[in-house]
Amino acid sequence: MAQITLIEGVTLALARAMKEDPSVVVLGEDVGVNGGVFRATAGLQQEFGDERVIDTPLAEVMIAGMTVGMATQGMKPVAEAQFCGFTMPMVDHLMCHAGRMRNRTRGRLSCPMVLRFPTGGGIHAPEHHSESPEALFAQMPGLRVVMPSSPSRAYGLMLAAIRDPDPVIFMEPKRIYRWQKEDVIDDGEELPLDVCFTLRDGSDLTLVTWGAMIKETLQAADQLEQQGISVEVIDVATISPLDMDTIIESVSRTGRCVIVQEAPRHCSVASEIAASLADAGIFDLLAPVKRVCGYDTVMPLYRNEMKYMPSVRRIVHAAQQVLEVS
Amino acid sequence: MARTVAAFKVDHFQFLGSDGKLLDGQQVPALARDFERLTELYKLMVLTRTFDKKAVALQRTGKLGTYASCLGHEAAHIAIGASMQEEDCFAPMYREYGAQFCRGVKMSDVLLYWGGDERGNDFSGPKHDFAWCVPIATQCLHAAGAAMAYKLRQEPRVAVSVVGDGGSSKGDFLEAINAASAWKLPLVLVIVNNQWAISVPRSKQNNAATLAQKGIAGGLPSIQVDGNDLIACLWAMDKAVTAARQGKGAFVIEMMTYRLSDHTTADDARRYRPQDEVDDAWDHEPIARLRRYLIDQQVWDDEREQTLLEESAETVQQAADEYLDIVANKPQPVTAMFDYMYAELPHDLAEQRAYAEEFPEDGGHH
Ligand SMILES: Cc1ncc(C[n+]2csc(CCOP(=O)(O)OP(=O)(O)O)c2C)c(N)n1
Ligand SMILES: [Mg+2]
C-alpha cells in the first residue's frame, strides 16, 4: 500500500491493466519517453516497451480515428489527448464512430477504447488548456463519461474504464492531480462506472459536484458544518450514465440541493441533474435547486481564471440562500 | 511496362555557412550584398533574442505564465516578417515573435498574452493579422481562408502561415496545401522544422525525407532552406511572397532550424533530449554566423555590437516595465470576460456580467 496522488492513481491503473491484459496499449503525444506532459504515463514505456506505450505523430484526428480502428480489432487502446482543448478535432470519430460502432453494426463490432485527458482550469495554463467540456461528451450517445476526484477513484475507475466493453471518455481534473495523497492498494479492484459516491453524510443540504470542484465543495461543506448545518456531499464521478437514484435519494432526505460545476451553466451537466430532480417530482423539496457554475463565457486567460470559477464563498452563499427558504 | 507519371525532387538552399562565410560554388542572391537590409534584420534578431531571454527570466521569477521561447529560430522568424507587406496577413503559431516584431507587434503585447491577459491578443501592428494560435496547425486553414478572400476580391495581398515539424502531421496543414493548390491561392506556408515537437523528434513524425515534399504531393512548389541562414530564409520568402502576390499561387518552404530551448518554460527537455545534440546545434545557430559575415564584410564591428546589446537590453527592459505596470496597476476587470463575447451582449450574459461585477473577487453564479 502506498500513499499516492490522483495522477499516480491513473498511472498505477494503467500499469496494472497493461500487466493483466496484453491487448491494452497506451498511445498519444509525448506519452512515451517523456511520460506525458503531466507525467501520467511516467515509466510505462520503460516497463512495457515502445510498442505498447506509443509516441504518436502530432495528429489528434489520427489518434482518435486509429484508436477506434484498433478497438474494433481486439485491442484495448488507451489514448491520451494532451489537453481538453485538443480533443475538439477528435469529436468526429467519437460522435460518428466510437459511440455508435456497436449499434450500427448490430453488435458485430464494438469499440472498447478509453480516451483520457486532463481537464479544467486553475493551473495558470495557456489558452485552450483549461476548459471543462464534459457536457459535450455527455451529449454523445454510446459513450461513458467519467471524472475521478480522488486517488483511489482515479485508480478504480480507470481500471473499470479500460475493462469496459464500450468507449469511455476519462476526464482527469488536473487542478487536483497532486492535491491529496491517499493510500491505494494495487489489488486490481475496479470501482463501478455507474454510481455516484457519497463522500459525506448529512441531513440539511445536498451538495453535488465532480472533478476538481470537489475541493471547494468540501471546503464549503466544512464552513457550513461550522454554522451547524449538516451537509451531504456527493461526487458524481460518472457523468454518463448518470446515477440519479443516489442523488434523488439524498435530496428527498435533505430537501435542498446545490449543484457545483466548473463548466459553463448553459445546457450543462448541472442543468441535466437539476432537470432530472425536477422530473423526479420530489415532494420533499424544501427550496429551489441551485446551480453554481462557471460563466457562459470563454474561459479567460489565467490572470482572471479564478474569477471565472466558482469559489467557496459562492457555494456557501448559494447554500445559505436555499437554507433560508423554509 | 511502367512509365513514370510523376517524379519530384526537393532542393535545399543555403548561402551562408555556420562559420559566417558564403558557401563556395553557389550563385549568391543579390540580397547577400544588401548590407543595409541585412544589418537592420541582424539588429532585430539580436533584439528578439534579448527579449526572449527576458521573458524566460520573468517566467522564472513568477512574473509571467508559461512562455514558449524562440531561441534559435531568429533567422527563420525575422525572414518571414521582413518579407511581408503591412497589408499581407500573418497567421502565426505561438513562438514567432521575431516575425511579429517586424510587423509592429509590441514586446509588451507578447508579455501580456503569456502573462494571462487577453489584451495581448489585441496587439499593435496590422489589425487583420491573426492572434497566436495554440491549437496546432489550425492557423494554416485560416491563412488559406484569408488568401481565398484576397483572391476573390482580387487584392494583391498574401497570407503567410507558420507550422512546426509536429504540426505538419495534422490534416489542417495538409488540407491547406490541398486547398491552395486547388484554387491557386496567394498563400505561403512555412514549416519551421526545429527537429522537435515537445519530446517527439522529427524522425518519429513520419519517414519522409523532407517535410517540404508534402507540399509537392499536394501540387505546390516546395523547397527546403537552412533555417539558420537569414539570407536563404529571406531569399526564399521574398521569392514566394512575390510570386503569390503576382497570382502565381502558393508555396511551401521548410526551414531547417533547431529549438535551442525547452519546448516551453513548463517543459524540461533534459528528460528526452541528449545534451550533446543541443551543444552541436549551438554551432549552427543563426545570430553568430550572420554577425561573422557582417564583420567580414566590414559593415559591423565590436563597438556597434556593444551598442546594440545595450540598446536592446534597454528596449526590452522598458517593455517589461510597461507590462508589469499594466498588470499591476491597470488589471482587466472581471467584466472583461463578458465584453467581447458578442457584438451585443445577450440578456443572459448581461445578467451574469452584473452578478460578476457585484462579486468581482470570486467567480461563479447561480
Ligand atoms: C492540436 C494540438 N495538439 C496538441 C497540442 C499540445 N502541443 C503544444 S505544442 C506541441 C508540439 C508542437 O511541435 P511543433 O509543431 O514541431 O512546433 P514547435 O513547438 O516545435 O515549434 C504540442 C503537442 C496543441 N497545442 N494543439
Ligand atoms: Mg517543432
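Procedures and definitions
Residues numbered from 1 in each chain as written. Chains lettered and ligands numbered in written order. Predicted model: local features only at pLDDT ≥ 70, side-chain atom pairs only at ≥ 80, totals over all residues. Heavy atoms only, no water. Donors = N, O, S within 2.8 Å, 3.2 Å for Na, K, Ca; no water. Helix = DSSP H or I, 4+ residues; strand = E, 2+ residues; numbered from the N terminus. Buried < 20%, exposed > 50% of the residue type's maximum accessible area, 1.4 Å probe, protein only. Contact = heavy atoms within 4.5 Å. Buried area = accessible area lost by both parts, 1.4 Å probe. Salt bridge = Lys/Arg side-chain N within 4 Å of Asp/Glu carboxyl O. Polar contact = N/O pair within 3.5 Å; in protein donor to acceptor, adjacent residues only side chain to side chain. Nonpolar A, V, L, I, M, F, W, Y, C, P; charged D, E, K, R; others polar. Pairing = 2+ DSSP bridges. Axes fitted to C-alpha atoms, helices over the stretch in contact; angles between N-to-C directions. Domains from an automatic or database assignment. Core = buried A, V, L, I, M, F, W, Y, C linked by side-chain atoms within 4.5 Å.

Novice: With reference to specific residues and values, describe the coordination of the magnesium ion (ligand 2).
Specialist: Tetrahedral metal sites with four donors have an ideal angle of 109.5 degrees; octahedral sites with six donors have ideal angles of 90 or 180 degrees. Residue and element names in this part refer to chain B. The magnesium ion (ligand 2) binds to the protein through Asp165 (OD), Asn194 (OD1) and Trp196 (O); the donor distances cover 2.1 Å. Mapping the donors of the magnesium ion (ligand 2) onto the primary sequence yields the spacing D-x28-N-x1-W. Linking Asp165 in the loop between strand 3 (159-164) and helix 6 (171-183) with Asn194 in the loop between strand 4 (187-193) and strand 5 (196-197), this pair joins segments that are 29 residues apart in sequence. Across the pair, exposure class does not vary: Asp165 and Asn194 are buried alike.

Novice: Which residues make up the interface of chain A and chain B, and what are the values?
Specialist: On the side of chain B, 47 residues touch chain A, which itself brings 47 residues to the contact. Between chain A and chain B the total buried area reaches about 3900 Å² when both faces are included, carbon and sulfur atoms providing 55% of it. Counting across the chain A and chain B interface gives one salt bridge. A salt bridge links Lys204 of chain B to Asp55 of chain A; its shortest N-O distance comes to 3.7 Å. Inspection of the chain A/chain B interface yields twelve residue pairs in polar contact (both at pLDDT 80 or more). For the side of chain A that touches chain B, the secondary-structure elements that each account for two or more residues are strand 14 (290-294), helix 11 (305-308) and helix 12 (312-324) of chain A. Looking at the side of chain A that touches chain B residue by residue, the classes come out as 21 nonpolar, 13 polar and 13 charged.

Novice: So what's going on with the sheet that holds strand 9 (residues 197-200) of chain A? Which residues, and what values?
Specialist: Residues and elements named next belong to chain A. The sheet built from five strands is open, its strands ordered 9-11-10-13-14 with mixed pairing. The two strands at the open ends of the sheet, each matched to only one other strand, are strand 9 and strand 14. Across the sheet, the axes of successive neighbouring strands diverge by a mean angle of 25°, strand direction being ignored. Bridge count between strand 10 (residues 205-209) and strand 11 (residues 231-235): five bridges; the pairing is parallel. From the neighbouring strand, Leu205 faces strand 11, where its bridge partner is Val231.

Novice: An account of the sheet that holds strand 6 (residues 144-146) of chain A is requested, with residue identities and associated values reported.
Specialist: All names here are of chain A. Spatially, seven strands are ordered 3-2-4-5-7-6-12 in an open sheet, and the strand pairing comes out mixed. Each edge of the sheet is formed by a strand with only one pairing partner; in this case those strands are strand 3 (53-55) and strand 12 (238-240). Here the average twist between neighbouring strands, direction ignored, is 20°. With three bridges joining them, strand 2 (residues 24-28) and strand 3 adopt parallel strand pairing. Bridging from a neighbouring strand, Leu27 pairs with Ile54 of strand 3. In this fold helix 7 (residues 151-163) packs onto strand 2, strand 4 (76-80), strand 5 (114-119), strand 6, strand 7 (168-173) and strand 12, with an angle of close to 160° to the strand it touches most, strand 7.

Novice: So, the domain arrangement of chain A: which residues are in play, and what are the values?
Specialist: All names here are of chain A. In terms of domain boundaries, chain A breaks down into domain 1 (2-184) and domain 2 (197-324). Computed over C-alpha atoms, the centres of domain 1 and domain 2 are 26 Å apart. Counting from both sides, the interface comprises 26 residues of domain 1 and, opposite them, 27 residues of domain 2. Carbon and sulfur atoms make up 60% of the surface buried where domain 1 meets domain 2, a total of about 2200 Å² over both sides. For domain 1, the biggest contributors to the area lost against domain 2 are Arg153, Arg175 and Trp179; these three give 26% of the whole. Between domain 1 and domain 2 we count three salt bridges in total. Between Arg153 and Asp235 there is a salt bridge; the shortest N-O distance is 2.8 Å. Taken together, the connections running from domain 1 to domain 2 amount to eleven residue pairs in polar contact (both at pLDDT 80 or more).

Novice: Run through the nonpolar core, naming residues and quoting values.
Specialist: Phe51, Ile80, Tyr97, Val160, Leu187, Val188 and Ile253 of chain B are the most contacted members of the largest nonpolar core, which has 141 residues in total. Top contributing element to this core by residue count: helix 8 (residues 230-245) of chain B, with eleven residues. When residues of this core are assigned to domains, at least three map to each of domain 1 (2-184) and domain 2 (197-324) of chain A. In contact with Ile80 of chain B, not counting residues within four places along its chain, are Phe90, Ala99, Val160, Val162, Val190, Val192, Met237 and Met255 of chain B. With 44 residues, the next largest nonpolar core counts Ala71, Met113, Trp210 and Met244 of chain A among its residues.

Novice: Just give me the short version of the pattern of salt bridges, but keep the residues and values in it.
Specialist: Any two side chains of opposite charge can pair, so long as their charged atoms come close to each other. Residues and elements named next belong to chain A. Per the counting criterion, the structure on display carries 38 salt bridges over all chains. The shortest N-O distance in the salt bridge between Asp166 and Arg102 comes to 2.8 Å. Linking Asp166 in the loop between helix 7 and strand 7 with Arg102 in helix 5 (residues 101-104), this pair joins segments that are 64 residues apart in sequence. When its relative accessible area of 35% is taken as the criterion, Arg102 is described as partly exposed.

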